[in-house]
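Summary of structural features
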Amino acid sequence: MAVQILTADVLVPMDAARSVLTDAGFAHEDGTILAVDSRAALVAAYPDARARHLSDNVLMPGLVNAHHHSGMLRGTAEHLPVWEWLRLHIDPMHRVLRPEEAEAASWLCYAEGLLSGTTTVVDMWRYMDGAARAASALGNRVVTVNYVGEHPDYDYFDTLDDNERMLAEWTGAAGGRIMPWVGLEHPFYADEAGQRRAIAMAQEYGTGLYTHCSESSLDVELFLERTGKRPMHALKDLGFMDVPRLMIAHAVWLDEGEIALMAEHGVSVSHNPVSNMKLASGFAPVAELLEAGIAVGIGTDGEKENNNLDMFEEMKVASLLGKLRAMDAAAMDSWAVLEMATRGGARAIGQGDRLGSLEVGKQADAVAVRTDTPRMTPLLAEGPYANIHHNLVHAVRGSDVTLTMVAGDVVVDGGALVHASLPDLIARVRDLVPDLFARRSAYLESSGEQQGLMSPH
Ligand SMILES: [Zn+2]
């Protein structure tokens, strides 16, 4: 592929210096960034390159959604704390879910992500061949994390055999855009043999192990009751930290000793503020995690926990929640939030050298955000009132994304998908939902699950 140049009125490359450049962009070839510079310098350096300039746009790295579940339950499982929500809505859905439904959900959710600036998504979901097919076609990157239950009580989830097949068949596919990891819904969704095998698989394939943990205070109680230890200490003693990378979704309920242990073992975290607020899970100690040097990304969680997959909205909420938790308007500043959504998320998934910023040698994963809107006015790239970082976190919406590029391939242009028809993806989910809901209702009736509340696990 020949060299191409993409520039905009403003460039926020998210480099370590937190640079902001005007009338600038990058040159790329075969998906890799060759140069980051002013438009004039790029055109001079690559006079034969095909150059495209996006006026009234700011160019920044693609966002990394560090925690996500594809799904199609949006808005139908509201106003419940996490364990009841799992038992009454989510687990019954998993019992009846079919592969074609799982795949349709991934197509739609990845499309929603791309249209709002997400170029890499960590997706814990089911029947992940469909997810990998969706990402291959739509153009996003995906860390596939099978929703594994390897326990007699959770035998309706994916299995470690399914997960191992993903690792064997999809690692490196679609030019490296498909990145299979090992997943456990929760450490206790596997029995001891399952936990050992999950750890061994991550070691054998040199990949990450991903799980939900310390999301609600109940989680800590459960670990104390079963192991006599707080969750992170228990995970360490079970061997979960002996893998190339352990990543924890939520990590809300941690004490100081657990944070130190995570830092020591390179454990990374996805902070999911909307989900934590919506399910009333609590305030994650994000400032303390960052202070300890832990790689923290930001995630939307699923369509049922959020109820959208807009990483710009998630950044705003991360900022607001961090300020409220600290009772300090200066806490969780806009640059720190932008870093979590880009380079922090990339580091958290072990891709910090390839993704997360627009720098020479990294992948050409970029998004353009329109600036000719009331909410981006005024826009000051530099000077004492520079506000671009604040506007990107507090003002922009995902629908302001005009262009999304992954590995040099434009996958959203003019605010529309390039490689698929959005109306078709929506129609497919609309068609499938009634039957999925009917089967779930039938399961709930037959099991008597809807009556009374059982204690979790
Ligand atoms: Zn989740």
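What counts and what doesn't
- Residues numbered from 1 in each chain as written.
- Predicted model: local features only at pLDDT ≥ 70, side-chain atom pairs only at ≥ 80, totals over all residues.
- Heavy atoms only, no water.
- Donors = N, O, S within 2.8 Å, 3.2 Å for Na, K, Ca; no water.
- Tetrahedral: all angles 85-135°; square planar, octahedral: opposite > 155°, others 65-115°.
- Helix = DSSP H or I, 4+ residues; strand = E, 2+ residues; numbered from the N terminus.
- Buried < 20%, exposed > 50% of the residue type's maximum accessible area, 1.4 Å probe, protein only.
- Domains from an automatic or database assignment.
- Contact = heavy atoms within 4.5 Å.
- Buried area = accessible area lost by both parts, 1.4 Å probe.
- Salt bridge = Lys/Arg side-chain N within 4 Å of Asp/Glu carboxyl O.
- Phe/Tyr/Trp six-rings, centres within 6.5 Å; stacked < 30°, edge-to-face > 60°.
- Lys NZ or Arg CZ within 6 Å of the ring centre and 35° of its normal.
- Axes fitted to C-alpha atoms, helices over the stretch in contact; angles between N-to-C directions.
- Left-handed = near helix turned anticlockwise from the far one by under 90°.
- Nonpolar A, V, L, I, M, F, W, Y, C, P; charged D, E, K, R; others polar.

The next point concerns the coordination of the zinc ion. For the zinc ion, every protein donor is listed as His67 (NE2), His69 (NE2), His212 (NE2) and Asp301 (OD), and the spread of their distances is 2.1 to 2.5 Å. Seen from the zinc ion, its four donor atoms lie at angles of 84 to 177 degrees, and the figure they make is irregular. Positions of the donor residues of the zinc ion along the chain correspond to the pattern H-x1-H-x142-H-x88-D. Here histidine 212, found in strand 9 (residues 208-213), pairs with aspartate 301, found in the loop between strand 12 (296-298) and helix 13 (311-326); they are 89 residues apart in sequence, far enough to count as distant. A relative accessible area of 7% places histidine 212 in the buried class. Note on aspartate 301: relative accessible area 1%, which makes it buried.

Time to look at the domain arrangement of the protein. Along its sequence, the protein is organised into domain 1 (4-61 + 356-417) and domain 2 (63-348). The gap between the C-alpha centroids of domain 1 and domain 2 is 28 Å. Contacts between the two partners involve 35 residues from domain 1 and, on the opposite side, 29 residues from domain 2. Approximately 2600 Å² of surface area, both sides summed, lies buried where domain 1 meets domain 2, with 66% of it carried by carbon and sulfur atoms. It is Met14, Arg18 and Val393 in domain 1 that bury the most area against domain 2; as a group they hold 25% of the surface buried on that side. For the salt bridge of arginine 343 with glutamate 359, the shortest nitrogen-to-oxygen distance reads 3.8 Å.

What follows deals with the packing of aromatic side chains. Remark: the centre distance and the inter-plane angle together describe each pair of aromatic rings, the angle taken between the planes. This model, assessed by the stated rule, comprises seven aromatic pairs. Of the aromatic side chains, those joined through ring pairs into one cluster are Tyr147, Tyr154, Tyr156, Phe157 and Tyr189. The lysine or arginine in question, arginine 126, covers the ring of tyrosine 127, its NZ or CZ lying 4.9 Å from the ring centre. Note that arginine 440 overlies the ring of phenylalanine 437, its terminal NZ or CZ placed 4.9 Å from the centroid.

So, on to the packing of helix 3 (residues 99-115) against helix 4 (residues 128-138). Each pair of packed helices gets described by two things: the angle between the helix axes and the distance between those axes. Closest axis-to-axis distance for the helix 3/helix 4 pair is 8 Å, and the angle between their directions is 40 degrees. The two elements helix 3 and helix 4 cross, and the hand of that crossing is right-handed. Each of Glu103, Ser106, Trp107, Tyr110, Ala111 and Leu114 in helix 3 lies in contact with helix 4, whose residues at this interface are Gly130, Ala131, Arg133, Ala134, Ala135, Ala137 and Leu138. Residues of the contact of helix 3 with helix 4, tallied by class, amount to nine nonpolar, two polar and two charged.

Turning our attention to the pattern of salt bridges. Applying the stated criterion to the full structure yields 25 salt bridges. The partner of arginine 197 in a salt bridge is glutamate 164, with the nearest N and O atoms 2.9 Å apart. Remark: glutamate 164 occurs in helix 5 (residues 160-170) and arginine 197 occurs in helix 7 (residues 192-205); sequence separation between them is 33 residues. Look at arginine 197 and you get partly exposed, because its relative accessible area is 27%. Close ionic contact of aspartate 372 with arginine 370 constitutes a salt bridge, the shortest N to O distance being 2.9 Å.

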